[in-house]
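Structural characterization, general
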Amino acid sequence: MILAADEEAEMAGVMAHEIAHVAACHYGREMTRMNLLQMASLPAIFMGGALGYGIYEAWAWEFP
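Residues numbered from 1 in each chain as written. Predicted model: local features only at pLDDT ≥ 70, side-chain atom pairs only at ≥ 80, totals over all residues. Heavy atoms only, no water.

**Notes on the overall build of the protein chain**
Put simply, the rule is: Counting from the N terminus, the helices are DSSP H or I runs at least four residues long and the strands are E runs at least two residues long. Exposed residues in this analysis have more than 50% of their type's maximum accessible area, buried residues have under 20%, and partly exposed residues fall in between, with area computed by a 1.4 Å probe over protein chains only. The protein chains shown are the only cover counted for residues, whose accessible areas, like all others here, come from Shrake-Rupley with a 1.4 Å probe.
Counting secondary structure elements, the protein chain contains two helices and zero strands. Burial status across the protein chain gives 12% buried among its 64 residues. Summed over its atoms, the accessible surface of the protein chain is roughly 5400 Å², and 71% of this surface lies on carbon and sulfur atoms.

Put into C-alpha cells, the structure is as follows:
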C-alpha cells in the first residue's frame, strides 16, 4: 500500500476505512453476544425471579 499510494492522503484514507471495518466488527460481535445472553437468561428470570435476574445482571457485568 505504501508503494502504491501517490500521496499521504490516499494512505490515510485506506487506513481509516480499514479501521472502521474493525470497529464495526467489534461492535457487532458485542451486540450479538449481549443479545444471546439476554435470550438465554429469560428462562432463569421467569423461573427464578430475583435470583434469575441477579444471575443475568452478574453475567452482564462480567462480559461487557
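There's more to say after this.
**What about the pattern of salt bridges?**
How we decide: Here, a salt bridge means any side-chain nitrogen of Lys or Arg that lies within 4 Å of a carboxyl oxygen of Asp or Glu.
One pass over the full model with this rule turns up one salt bridge. We note a salt bridge from Glu30 to Arg33, for which the minimum N-O separation is 3.2 Å. One end of the pair, Glu30, and the other, Arg33, are both in helix α1 (residues 8–48), three residues apart, so they sit about a helical turn from each other. What makes Glu30 buried here is its relative accessible area of 18%. Here Arg33 falls in the partly exposed class, since its relative accessible area comes to 40%.

**Re a negative patch on the surface**
Let me state the cut-off plainly: For patches, a residue must show more than 30% relative accessible area and have no salt bridge; joins then use 9 Å for like charges and 5 Å for nonpolar side chains, namely Val, Leu, Ile, Met, Phe, Trp and Tyr. The charged-residue count follows a simple rule in which Lys and Arg add positive charge and Asp and Glu add negative charge, with His and chain termini not counted at all. Every charge is mapped onto a representative atom, which is NZ of Lys, CZ of Arg, CG of Asp or CD of Glu.
On the surface, Asp6, Glu7, Glu8 and Glu10 cluster together into a patch of negative charge. Tracing the chain through its elements places Asp6 in the segment before α1. Of the residues examined, Asp6 reaches a relative accessible area of 70% and is grouped as exposed.

**A closer look at a nonpolar patch on the surface**
A cluster of nonpolar side chains, namely Met1, Val14, Met15 and Ile19, defines an oily patch on the protein surface of about 380 Å² accessible area. Checked against the element boundaries, Met15 lands in helix α1.

**Observations regarding the environment of Tyr56**
Position of Tyr56 relative to the elements: it lies in helix α2 (residues 50–62). Residue class for Tyr56 comes out buried when judged on its relative accessible area of 13%. Sequence separation between Tyr56 and Leu37 is 19 residues, and the spatial gap between their C-alpha atoms is 7.9 Å.

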